[in-house]
Every structure is written in structure tokens, then in C-alpha cells.
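# Understanding the architecture of this molecule
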Amino acid sequence: TDDDMFSNVFCENSKKLINVHLFALAAKYYSLPNLGVCTPLEDILEALRGGSQETTGIKTDEFMNNKKSHEVQVMSKLVDRIANYCGIKQVIDIGSGKGYLSSFLSMQYNLKVYGIDSSNSNTNGAHERNRKLKKHWRAYQSRGRANLKSQRLEKANDRPVESEIKSKTISEKPLNNDNILQNQDQVTIQNLVPSCGFTDTATSETSKQTEVDLVAQTQSDESQLSEEFLAILNVLPADAVEVFSSSQCNCGELCEEEKAQRKMTSLKAKASKSSESNLYFPLTSCITAETELSDIITDLEDCVMVGLHTCGDLAANTLRIFTAKPEIKAVCSVGCCYHLLSEQFENQEDCPEEVWGFPMCQYLKDKAWCCGRNARMSACLALERVAVGQILPTESLFYRAVLQVIIEEIYGVTKSDRHVGKTFSRSSSFIDYVRKSLKKLELDDSKLPDSCIMDYYEKYKDRMNELEAFNMLKVVLAPCIEVLILLDRLCYLKEQDSIAWSGLVKLFDPVKSPRCYAVIALKKQSCF
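Below: a short report on this structure. Please read these numbers as outputs of a predicted model, since none were measured by experiment. (Residues numbered from 1 in each chain as written. Predicted model: local features only at pLDDT ≥ 70, side-chain atom pairs only at ≥ 80, totals over all residues. Heavy atoms only, no water.)

### A word on the nonpolar core
One finds Met75, Leu78, Ile82, Ile92, Cys332, Leu507 and Ile520 to be the most contacted residues of the largest nonpolar core, which totals 74 residues. The dominant element in this core, judged by the number of residues it contributes, is helix H5 (residues 66-86), at eight residues. Counting residues in each nonpolar core, the second largest holds 21 residues, with Leu443, Cys452, Ile453 and Leu467 among its members. (Core = buried A, V, L, I, M, F, W, Y, C linked by side-chain atoms within 4.5 Å. Buried < 20%, exposed > 50% of the residue type's maximum accessible area, 1.4 Å probe, protein only. Helix = DSSP H or I, 4+ residues; strand = E, 2+ residues; numbered from the N terminus.)

This is how it looks when you write it as C-alpha cells:
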């Protein structure tokens, strides 16, 4: 059995670790990739495909860092597939932050998204980001149009030579102009602008005819490009920034047809401002398991609920809201910050009416299962990043460990609701770190001389390697603890009668984004 296989990892009497190699093997054995409980992303995307068409890709790396771009690209594609499968257009993004996922779901997939975040500064940041995004989109459209013209001109200049060769192979007889045009109409130029997805036909006889056709074709493409761009502009709040208008151009240099087209574009844009569909609405609200969404979203309808790195209990509450609200037909949730989860059995408190972050499923509740803060902290570590050479912050961890000894021995404090935070990065030395930390903890540092602080440092500095080894063991164990938390959430969904399907899916590259697993569920059709 599994218990027999790993029975020699710890000493039976002292419970101390005696076989590090076997410990590492056991940790790997119980990690998600080896348990076989995950659904491959490719499988679920294919199952949800239906008759939906792939949309043209937008380059998120122009607006986000590499990590966020990766997360948003992958998750938004899945959310769109889920929405199409369920036949719905509304998405609620819980813990939306500055709106990276929300705005992309709107822009790329034409979904109406409500982004809810408890931080007013995040919501304001989302509004400001939307304003800047529109400016970027203008430049993005201009570059797309310029590339379109440039690439078509290059193709068209090459086309007469290719046409002549093709004509000779078809017939040795001279062809009239109509024959040439008919022949060339069958020549399709694909992927002129891969980022826009256009497919066009080249028709030219002479350089003069080429220019005439090129102008006509460009006007047609600009019309299509303008319509697509208008759809992009419509996804952001109308008051974020003014819509692109013809008055900003030097119209004297435009032909009459292009002037008319620009005017029509401007009129369409103004009309679209009153549209209530395909928008992203950042909202500020604190979400709990008891939150009534209809109080926040007045036009709540059938929707998908999503969360990209929802913090602590918010991930658990997202699933509870999903199961409780009939309007929510599907959920896709990626949690993070396991150390901030509330645990029902951590302090042996008997509060059955309280809503806890862990455990969620009845199976673990019946066993009164508890992880503890140290284990949950370990679950946040990134094994894959360490495996590719990213080092642990050993010195900062050492500073924090020695600080805790000082606080306990000098001040008699064993627990505090205050946090040291990122003091290490703002400290010039260990002495500076200790003094800044004590001030944050509201402890008087005046009775603690520098020499005393350094005595503690010297006492423990030889054990820094010990600390590093201990933290490496925590990193190895991290995936096992994360498994427990994620399977608890999955089992909770499996216990619900209204769920048609639920599963765990590895969405992201764990090196880029360590919290890479999504909990996904769809309700039964009878609940629609």
C-alpha cells in the first residue's frame, strides 16, 4: 500500500525525518500531476468548442507584463468557451483588481463583464487603466492599417509577374484584359495581416490598375477594420476617453470616399456610446458568501462567475455563491494566498454558523481536518520556480526568524495581529530591519541597544544553512498541501446536486504563474 511504501520517511518513535530522498518521492507522488485527477486544458477546450469560431488574437503583452499577459490570454479563452457553451454573454469577475481579465474578456470576446473588487483604489485604477487602454487601441489600429497598406502594396507589386507566368502556362494565346482579371480573381492572398485575420483577392493588370484596385480594396478593409475597432471601443465605459473622430485627421489629403467613410465611422461611434452591451463595469464591493449579487448588479442575468487569483477566503466564497445563485451557470476560479484562509478547526472553535475558507467539503468537515497556518504558508511556495533555479530569499527569511526570537525573548510577545510586511527590502542592515519592524509592531525599541541586536545575529548566523535546508523541504511539500486545499474545493462541488460537471484544470505555466490550477464547474441544463 501507499502507507507501506513511505513508512520509513519518519522515525516511528521520534517522528523526525530520517529519509529525505523518500520524503521527496512521497511529496511528488501525492502532487496533482501524479494523482491523475486533473482534466487537461486541451480536452476541456475541445469539449466546449461547439460551433464557436476562433477570434483574432490581441497582443496582451503590449498592455500587461509577461506573467499577467500569459494568465489573461489562457483564462479568457477558456471563459469565452464556457460562456458560448452555456449560451450567455454576462461575466462576473470576482476580485477583479485593476481589471486586466475583465477588460480583455470584453475587448477580445465581446462579453459584458462586471468586475467586482473590495478595494476602491483598485476600482479607480481599473477606470484609469481603461482610459489609457483606449489611447493604446488608437495606436494599435493605426499600426494595423499601416501594415495592411504596406503588405498589400508589396503583394500587389509582385502579382503581375506571377500572373504573367500563370497565364502562359494556361494558354499560349494572348489574353484580353477580362481574361487576365478573371484569371487573377482566382488567386487568393491569405494572411496578409495575421493579427487582423483578413483574406483578400488581388486583381491587377498594370501598375495603374493595381493602384486603383488597391485604393478600393484598402477602403473596403478599412471599413471592416473600423467596424472591428468600434466594437473594441465599445467595450470600455463611454466616459473613459473620447472616441476617435475624423476631425483629428487632415481630411484635405483624403479622397471623397474616405471622407465619407470616416464620417460614418464617427457617427457609428457616437451612436454606440449609448449601447449597454459589451461593456466592462468596475464595481467596488466586499464579497462574502452571503453577498446578494442583485444588490450590486441591477441587470443581473444568466452569467459565468470567474476569479483570477482570488485571495484567501474569496476563492471559497466564489464557489459558494456559484452554488447558491441560480443565475450563475458556470464558474472558473483560480485561488491564491492560501495562508489567508480561515480554518474552522484551527483554534478548536465551535462556531457551526460561521462560514470558513477551509474545509469546504463535508468529508473533511466530518474529520475535523486542519492544516494550520504554517502548512498553508508552505502551500504558497513555488516548487517549479525553485526547480528552474530561482533561489529562495534565505537572508530575508533568516532576518524574520531571528526577529521572532528577539520579540519573544525581549518583549514576551508570542502572537500579534500586526505584520512586518516588506521591511527587509527597505532596510540597510539587520539592525535597521529590527528597529523598523519593532516600530511596525508598536514595540518600544529604545531599550534595545544595537549591540544586543547584533548579539542575536551572531548567535544564529551559523544556522542560516539549516534554515535554507528547512525551507527547501517546505518547498518540496508545498504541492501536497495545495492538493489538499484544491481537492477540498472540488469535493465540495461534487457534493452539490445542481452541478453537471466539475474538475481541476491546469491553466498556466507554473514557472510564470505558480498558482496555476483552476476549479471549474457547470450546472445541469435543468438549472438553466
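### Some words on helix H2 (residues 20-29)
Within the span of H2, buried status applies to Leu22, Phe23, Ala26 and Ala27. Buried residues of H2, viewed axially, fall in a sector of 140°; they line one side. The exposed residues of H2 that point more than 90 degrees off its buried face are His21 and Lys28. Capping of H2 at its N-terminal end is provided by Asn19; its side-chain oxygen lies 3.3 Å from the backbone amide nitrogen of His21. (Arc of directions from axis to C-beta. Polar contact = N/O pair within 3.5 Å; in protein donor to acceptor, adjacent residues only side chain to side chain.)

### A look at the pairing of strand S7 (residues 328-336)
For S7, the buried fraction is high: nine of the nine residues fall into the buried class. Bridge count between strand S6 (residues 303-311) and S7: eight bridges; the pairing is parallel. What sits directly across from Val306, in S7, is Cys332. Here four bridges tie S7 to strand S9 (residues 517-523), and the two strands are oriented antiparallel to one another. Note that in S9 the partner of Ser333 across the bridge is Val519. (Pairing = 2+ DSSP bridges.)

### Points about the packing of helix H16 (residues 394-411) against helix H17 (residues 430-440)
Viewed as axis vectors pointing N to C, H16 and H17 meet at an angle of 55°, and their least axial separation amounts to 11 Å. Put simply, H16 runs oblique to H17. At the point where H16 passes H17, the crossing takes the right-handed sense. Contacts between H16 and H17 pair Tyr399, Arg400, Val402, Leu403, Ile406, Ile407 and Tyr411 from the former with Phe430, Tyr433, Val434, Ser437 and Leu438 from the latter. (Axes fitted to C-alpha atoms, helices over the stretch in contact; angles between N-to-C directions. Parallel < 35°, antiparallel > 145°, perpendicular 65-115°, else oblique. Left-handed = near helix turned anticlockwise from the far one by under 90°. Contact = heavy atoms within 4.5 Å.)

### Let's talk about the sheet that holds S6
Spatially, the seven strands line up as an open sheet ordered S5-S2-S1-S6-S7-S9-S8, and their pairing is mixed. Because the sheet does not close on itself, it has two edges, and the strands there are strand S5 (280-284) and strand S8 (499-506). Here the strands of the sheet are splayed against their neighbours by 15° on average, with no regard to which way each runs. Sheet analysis places strand S1 (residues 90-94) next to S6, joined by four bridges and oriented parallel. Residue pairing across strands places Val91 opposite Val304, the latter belonging to S6. Against the sheet, helix H6 (residues 100-109) contacts S1, strand S2 (112-117), S5 and S6, and its axis sits at roughly 175° relative to S2. Seen against the sheet, helix H19 (residues 464-494) touches S7, S8 and S9 and runs at an angle of roughly 165° to S8.

### Notes on the packing of aromatic side chains
Tallying each qualifying case throughout the model produces eleven aromatic pairs. Between Phe10 and Phe23, the ring centres sit 6.2 Å apart and the planes meet at 90°, which makes this aromatic pair edge-to-face. Within this pair, whereas Phe10 is found in the loop between helix H1 (2-5) and H2, its partner Phe23 is found in helix H2, the two being separated by 13 residues in sequence. Relative accessible area serves as the criterion here: at 11%, Phe23 is assigned to the buried category. Arranged with centres 5.0 Å apart and planes meeting at 85°, the rings of Tyr29 and Tyr30 form a pair that is edge-to-face. (Phe/Tyr/Trp six-rings, centres within 6.5 Å; stacked < 30°, edge-to-face > 60°.)

### Some details on a nonpolar patch on the surface
Side chains of Met5, Tyr29, Tyr30, Leu35 and Val37 sit close together on the surface and give an oily, nonpolar patch of about 390 Å² of accessible area. Tracing the sequence through the fold places Tyr29 in helix H2. The class for Tyr29 is partly exposed, based on a relative accessible area of 33%. (Patch = residues over 30% accessible without salt bridge, like charges linked within 9 Å, V, L, I, M, F, W, Y side chains within 5 Å. Areas by Shrake-Rupley, 256 points an atom, 1.4 Å probe, with all protein chains shown as cover. Salt bridge = Lys/Arg side-chain N within 4 Å of Asp/Glu carboxyl O.)

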